Structure formats: structure tokens, C-alpha cells
Amino acid sequence: MTGPTSLVLGVKLRNVPDINSTLESIRSIGFGFVCANIVSQQKVLEQLQQSSSSPTGPFTWSDLSLSANDWRRGVVGVITNFCETLKSSVGKESFVRRTSELVDEQISYCQHVCLSAIVIELPEDFVNLANILNSKLNNLLKGSNAYWIKIPMASGLNRSSDDETDTGTDDPWNIWNSFRTLCEFDRFIFPALELHADVPSKEEVNRWLGEPVKSIFISTNVFLTNQEGFPVLSKAHQKIVKQFLKLKAQVVIEAENFDTNLKFYNQYIQYLWSRKVNELKKEFP
């Protein structure tokens, strides 16, 4: 956020073939930064199937693709999610070894180009990831990178409004708490929440409001379409977003590919923010 009445939004795109042109495109429609996978899933599969860790081609974009300022302010790196189904292609032992190497390589690249933040989606077994991050954090120049741990705001289980918050092993808050414990509560690790179509319970939202949430990821699929054909959120989703905007969490719109129509999602979140600012002015004149 650049001030009390302005909001910097990000956009996460599944496909970013050219980081320079993508950054120019998203800025042209009002977004401040792009969340982009450091390597593609296809590249990951190719690397996993190699007998050695020596790459056969370019790992990712050249570090000369952008200026130092654009890397720092315009790009958030996303560590490619390693699908568990890939284990059958390369074997469990090779999968664990190579994914560890690839995660390490991706984080090292993000540090090399001085990205301000790195997004990591937690795998089912995150102990090895915690070990990698601990190693990075121990050798990190503090303040260089923030790690946004991407996790659902709610488990997605069908519960009535009277049900208690899920406290099982699939509960996202418990998963987050276990992971940050393994990372020794490092101050550079933050939750980055996915807001899905299923509305979280009040108890679930309140627990997250007590955490240092850095960002809210909202897929374009979560939005509804109003009578004029523009994207809007349900009233329940609006309320949640405004609660986190008040705490200065950044909003990231998730989409498959770049489209100029993404500007309408930006404009809508800006509208919610301006309403929240007006509410705060009335509350604290």
C-alpha cells in the first residue's frame, strides 16, 4: 500500500512465458506486481526425470530480463508446486532428492535477483521444506526476502454455521501453526491465504485475523457477475476481504493467463478499499 487511499494489487498468472512483457502488461491495467512461477511444471518434470542435477537448458528467465528495481518491486516469485503424482514417474527416493534440489535452486534464484517476497504452497509432507527454509533463513541477510506460505483460509469441509472450527489435521490454521513451529517462528515467514468460493466461518476468519497475514489470493472463479457484466464478490466475501485490507494485507487476483479484462477485478478491489477507507474516516474522524 502506498498511502491511505491507494492500494497496490498483484496478479498471479499460471503462464508467464516472458517476464518483461508480462510486467509491462499487468502494470498497464493497474496492477503493481506479478506473482510468477520461477519454473514451469513441465520444466520440473524434465528436471525430475534427469539422472543428474545438471540442467539441460535455461532454468528460468535471465536475471537481465528486468532492472533491479523491477525485480524487487514488480515480481513475487512462486516456487513451483511439486505434484505428488509425479512420484510415480521418477520414484519416491529420487522425487524427494530432486524436489529438494529444485526448491533450493528456485529460492536461490529469487535471492539472486533480490525479490522482496517468495510464495510457497505447502505440500502434504512439509518437513523437508521446513528444513530447506531453515537453512536459507540461517544464511539469509535479514530483510532480503519474505516467505509467503500459501494456504487455504478454510479446509473447505461442508459445515453448518453452528459447527465448531475444524481442529483436525486438515485444518489450515493447524497446518500453518505446525509449519511455522518447524521454522522456529521465524519473523520472515508469513501466511498467504487463499479465499475460496466456500465462505469460511467467523471462527476461522477470526483466527487468521490474529496472524501476520501478508496477502489474500482470490481466483477469478470466486467472483460473481453483476447485472452490468462486471466481476463482484458476494457480501460475505466482501466483508472478509475488507477485514484483511484493514490489516494491510495485499490482494492478489489469480488467473490462468493475462487478459485486459483483469483490470475490472483490480477496479473492484480498489472500490472495496475506498469504501473501507471511508468507513474508517467515519469511525475515526
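**Let's talk about the overall build of the protein chain**
For step 1, the next point in the chain: What the protein chain contains, in helices and strands, is 10 helices and 10 strands.
For step 2, the next point in the chain: Considering the protein chain as a whole, with its 285 residues, one finds that 47% of them fall into the buried category.
For step 3, the next point in the chain: Relative to all contacts within the protein chain whose residues are 6 or more apart in sequence, the contacts with residues 24 or more apart total 75%.
For step 4, the next point in the chain: Total accessible area on the protein chain is roughly 14400 Å²; 50% of this is exposed by carbon and sulfur atoms.

**Considerations on the pattern of salt bridges**
For step 1, the next point in the chain: In the structure shown here, the tally under the stated rule is eight salt bridges.
For step 2, the next point in the chain: Among the salt bridges present, the one from Asp70 reaches Arg27, with a minimum N-O distance of 3.0 Å. Placement of the pair is Asp70 in helix α3 (residues 68–74) and Arg27 in helix α1 (residues 19–28), with a sequence separation of 43 residues.
For step 3, the next point in the chain: One salt bridge connects Lys150 with Glu254, and the closest N-O pair in it is separated by 3.5 Å. Taken as a pair, Lys150 in strand β5 (residues 146–152) and Glu254 in strand β10 (residues 250–255) lie far apart in primary sequence, 104 residues in all.

**Thoughts on the confidence of the model for the protein chain**
For step 1, the next point in the chain: Averaged over every residue, the pLDDT of the protein chain is 84; the share at 70 or more is 76%.
For step 2, the next point in the chain: Low pLDDT, under 50, characterises residues 157–167; the stretch is placed with 16 contacts to residues that sit more than four places away or in other chains.

**Let's talk about helix α8 (residues 202–209)**
For step 1, the next point in the chain: Among all positions of α8, only Glu204, Val205 and Trp208 are buried. Looking straight down α8, one finds its buried side chains confined to an arc of 95 degrees; they lie on one side.
For step 2, the next point in the chain: Here the buried face of α8 lies against β5, α7 (172–182), β6 (189–195) and α9 (235–246).

**Notes on the pairing of β10**
For step 1, the next point in the chain: For β10, the tally of buried residues reaches six of six residues, placing the bulk of the element in the interior.
For step 2, the next point in the chain: Relative to β10, strand β1 (residues 10–13) runs parallel, the two being bridged by four bridges. Within β10, the residue paired with Leu13 across the bridge is Ala255.

**Some remarks on the sheet that holds strand β2 (residues 33–37)**
For step 1, the next point in the chain: Taken together, eight strands build a closed barrel; the order of strands is β1-β2-β3-β4-β5-β6-β7-β10 and the barrel is parallel. In this sheet, adjacent strand axes meet at a mean angle of 25 degrees when their direction is disregarded.
For step 2, the next point in the chain: Where β2 lies against strand β3 (residues 75–79), four bridges are found, and the strand directions are parallel. From the neighbouring strand, Cys35 faces β3, where its bridge partner is Val76.
For step 3, the next point in the chain: Against the sheet, α9 contacts β6, β7 (215–219) and β10, and its axis sits at roughly 160 degrees relative to β6.

**A closer look at the nonpolar core**
For step 1, the next point in the chain: In terms of nonpolar packing, the biggest core is built from 70 residues, with Leu133, Phe179, Phe244 and Ile269 touching the most fellow members.
For step 2, the next point in the chain: If one sorts the elements of this core by residue count, helix α10 (residues 262–283) sits on top with seven residues.
For step 3, the next point in the chain: When neighbours within four sequence positions are excluded, Leu133 is seen to be in contact with Ile107, Ile120, Tyr147, Ile149, Phe179, Cys183 and Ile189.
For step 4, the next point in the chain: In terms of nonpolar packing, the next biggest core, distinct from the first, is built from 12 residues, Cys35, Val119, Phe217 and Val252 among them.

**Considering α1**
For step 1, the next point in the chain: Of the positions making up α1, those classed as buried are Ile19, Thr22, Leu23 and Ile26. Each buried residue of α1 lies within a common arc of 100 degrees when the element is viewed along its axis, so the set occupies one face. What points out from α1, more than 90 degrees from its buried face, is the exposed set Glu24 and Ser28.
For step 2, the next point in the chain: The inward-facing, buried residues of α1 abut β1, β2, α3 and β3.
For step 3, the next point in the chain: One or two positions beyond α1, positive phi appears at Gly30, with a value near 100 degrees.

**What about the environment of Asp70?**
For step 1, the next point in the chain: For Asp70 and Asn20, which are 50 residues apart along the polypeptide, the C-alpha to C-alpha distance reads 9.2 Å.
For step 2, the next point in the chain: When sequence neighbours within four positions are dropped, the list of residues in contact with Asp70 reads Leu23, Arg27 and Val75.
For step 3, the next point in the chain: Of note is the side chain of Asp70, whose polar atom sits 3.0 Å from the side chain of Arg27.

**Overview of the packing of aromatic side chains**
For step 1, the next point in the chain: One pass over the structure, following the stated rule, counts eight aromatic pairs.
For step 2, the next point in the chain: Centroid distance Tyr268 to Tyr271: 6.3 Å. Interplanar angle 40 degrees. Geometry classified as tilted. Of this pair, Tyr268 and Tyr271 both sit in helix α10, three residues apart, which is roughly one turn of that helix.
For step 3, the next point in the chain: Note on Tyr268: relative accessible area 9%, which makes it buried.
For step 4, the next point in the chain: Assessed through its relative accessible area of 43%, Tyr271 is described here as partly exposed.
For step 5, the next point in the chain: Taken together, the ring pairs connect Phe223, Tyr265, Tyr268 and Tyr271 into an aromatic cluster.
For step 6, the next point in the chain: The aromatic ring of Phe190 is capped on one face by Lys214, whose charged end is 4.8 Å from the ring centroid.

Parameters and conventions
The residue numbers shown here count from 1 along each chain, following its written sequence. Reporting of local features is limited, given that this is a predicted model, to residues whose pLDDT is at least 70; pairs of side-chain atoms are given and counted only at 80 or more, and all residues count toward the totals for whole chains, interfaces and linings. Side-chain metrics in this entry use all non-hydrogen atoms of the structure; hydrogen atoms and water are not considered. Note on conventions: DSSP H or I runs of at least 4 residues are helices, E runs of at least 2 residues are strands, and numbering of each starts at the N terminus. Burial here depends on accessible area, computed with a 1.4 Å probe over protein chains only, as a share of the maximum for the residue type. Under 20% is buried, over 50% is exposed, and the range in between is partly exposed. Residues count as neighbours in contact if any of their non-hydrogen atoms are within 4.5 Å of one another. The Shrake-Rupley method, run with a 1.4 Å probe sphere, supplies the accessible areas, and residue values consider only the shown protein chains as cover. Salt bridges are identified by distance alone: a Lys or Arg side-chain nitrogen within 4 Å of an Asp or Glu carboxyl oxygen. Confidence of the predictor at the level of single residues is given by pLDDT, which spans 0 to 100. The directions from the helix axis to the C-beta atoms form the arc being described. If DSSP finds at least two bridges between two strands, the strands pair. Axis angles are defined between N-to-C directions and span 0 to 180 degrees, where every axis is a line fitted to C-alpha atoms and, for a helix, only to the segment in contact. Throughout this description, the term nonpolar core refers to a set of buried Ala, Val, Leu, Ile, Met, Phe, Trp, Tyr and Cys residues connected via side-chain atoms within 4.5 Å. Pairs of N or O atoms within 3.5 Å make up the polar contacts considered here, provided that, within protein, one atom can donate a hydrogen while the other can accept it, and that residues adjacent in sequence are counted only when both atoms are side-chain atoms. Only centres within 6.5 Å qualify two rings of Phe, Tyr or Trp (six-membered ring in Trp) as a pair; their planes then separate them into stacked at under 30 degrees, edge-to-face at over 60, and tilted for everything else. The criterion for a charge sitting over a ring is simple: Lys NZ or Arg CZ within 6 Å of the ring centre, and within 35 degrees of the ring normal.

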